[in-house]
Amino acid sequence: MIRKATTKDIDAITLITKACAKHMQDQGIFQWNEVYPNREAFETDVERDELYVILQNEQIAGCIVISTFMDEIYKPVQWLTDNENNIYIHRLAILPETQGKGYARQLMDFAEQYAIDNNYTSIRLDTFSQNPRNQKFYELRGYKRLEDIYFPKQSQHPFYCYELVL
């Protein structure tokens with residue numbers, strides 16, 4: 001089951017993202033750290049009505065942000081579509097012990113269907129250049145890799161921008 005997140009869910013979501021960060025770091029992928037993602041980001045996501053959770057046995061197993069807000073860092077990117085009527089995916093996270101069960105796929109299916117149902121032009125996102133599993137996940141879904149962007153507080157390595165034209 002997928003539903004909108006509430007402020008009551010933020011503690012569980014933060015625990016999931018911290019567990020994901022450690023899980024990635026154990027694999028040599030330094031994508032998330034103590035700076036990002038953070039509680040304030042999730043609070044803003046809830047305020048904007050853009051944060052969703054997936055439940056397993058009534059417990060939160062993961063989350064995704066489906067946003068219409070274009071971050072400043074995305075503005076110089078040469079996207080495949082005009083900068084209007086797009087959605088942006090952020091902070092897709094699945095509790096490490098439940099990874100591999102299709103929850104990320106279900107959340108992306110949900111986001112893509114949401115975009116189609118609401119007549120968005122495309123779905124945009126970024127993923128870490130040092131995370132080949134994520135890159136393959138999005139590329140197999142039809143997302144096209146575009147330009148690199150950098151988040152200096154997170155890593156010296158680039159993040160790859162992706163877009164799926166609907």
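What you are looking at is a predicted structure, and each value in this text was computed from that prediction instead of being measured. (Residues numbered from 1 in each chain as written. Predicted model: local features only at pLDDT ≥ 70, side-chain atom pairs only at ≥ 80, totals over all residues. Heavy atoms only, no water.)

(A) Examining the nonpolar core more closely. Ile13, Leu51, Val53, Cys63 and Tyr74 are the most contacted members of the largest nonpolar core, which totals 28 residues. Only helix H1 (10-26), helix H2 (39-47), strand S2 (51-56), strand S3 (59-67), strand S4 (86-94) and strand S7 (159-165) provide two or more residues apiece to this core. With 6 residues, H1 is the single largest residue contributor to this core. Sequence-distant contacts of Leu51, that is, excluding residues within four places in its chain, are made with Arg3, Lys4, Ala5, Ile13, Phe42, Asp45, Val46, Cys63, Ile64 and Val65. Core analysis: the second largest hydrophobic core is formed by 22 residues, Ile64, Ile94, Ile123 and Tyr138 among them. (Core = buried A, V, L, I, M, F, W, Y, C linked by side-chain atoms within 4.5 Å. Buried < 20%, exposed > 50% of the residue type's maximum accessible area, 1.4 Å probe, protein only. Helix = DSSP H or I, 4+ residues; strand = E, 2+ residues; numbered from the N terminus. Contact = heavy atoms within 4.5 Å.)

(B) Summary view of unusual backbone geometry. Going from Tyr36 to Pro37, the amide bond is cis rather than trans, its omega being -5°. Within the secondary structure, Pro37 sits in the loop between H1 and H2. A positive phi angle, near 65°, is found at Asn85, a position not held by glycine. Inspection of the secondary structure puts Asn85 in the loop between S3 and S4. Residue Asn85 is classed as partly exposed on the basis of its relative accessible area of 36%. Phi at Arg91 is positive, roughly 50°, even though this residue is not glycine. Here Arg91 lies in strand S4. Assessed through its relative accessible area of 12%, Arg91 is described here as buried.

(C) Representation of the packing of H1 against H2. For the pair H1 and H2, interaxial distance at closest approach is 10 Å and the crossing angle is 130°. When the axis of H1 is compared with that of H2, the two are oblique. Handedness of the H1/H2 crossing: right-handed. Contact residues: Ile10, Asp11, Ile13, Thr14 and Thr17 in H1; Arg39, Phe42, Glu43 and Val46 in H2. (Axes fitted to C-alpha atoms, helices over the stretch in contact; angles between N-to-C directions. Parallel < 35°, antiparallel > 145°, perpendicular 65-115°, else oblique. Left-handed = near helix turned anticlockwise from the far one by under 90°.)

(D) Quick look at the side chain of Asp45. Relative to the assigned elements, Asp45 resides in helix H2. The exposure class assigned to Asp45 is buried, which follows from its relative accessible area of 1%. A polar contact is formed between the side chain of Asp45 and the side chain of Arg91, at a distance of 2.7 Å. Among residues more than four places away in sequence, those in contact with Asp45 are Glu50, Leu51, Val65 and Arg91. (Polar contact = N/O pair within 3.5 Å; in protein donor to acceptor, adjacent residues only side chain to side chain.)

(E) Quick peek at the sheet that holds strand S1 (residues 2-4). Here we have 7 strands laid out as an open sheet, ordered S1-S2-S3-S4-S5-S7-S6, and mixed in their pairing. If you trace the sheet from one side to the other, it starts and ends with S1 and strand S6 (144-149), each paired once. Between one strand axis and the next, the sheet turns by 30° as a mean value, whatever way the strands run. Sheet analysis places S1 next to S2, joined by 3 bridges and oriented antiparallel. Paired with Ile2 across the two strands is Ile54, which belongs to S2. Contacts from H1 reach S2, S3 and S4, with the element oriented near 90° to S3. Its contacts with the sheet put helix H4 (residues 132-140) on S4, strand S5 (122-128), S6 and S7, and the angle it makes with S5 is roughly 160°. (Pairing = 2+ DSSP bridges.)

(F) The arrangement of the pattern of salt bridges in detail. Overall, the coordinates contain 12 salt bridges when judged by the stated rule. The shortest N-O distance in the salt bridge between Glu72 and Lys75 comes to 2.9 Å. The partly exposed category is assigned to Lys75, whose relative accessible area is 44%. Each of Arg105, Asp109, Glu112 and Arg141 takes part in one network of salt bridges that share partners. (Salt bridge = Lys/Arg side-chain N within 4 Å of Asp/Glu carboxyl O.)

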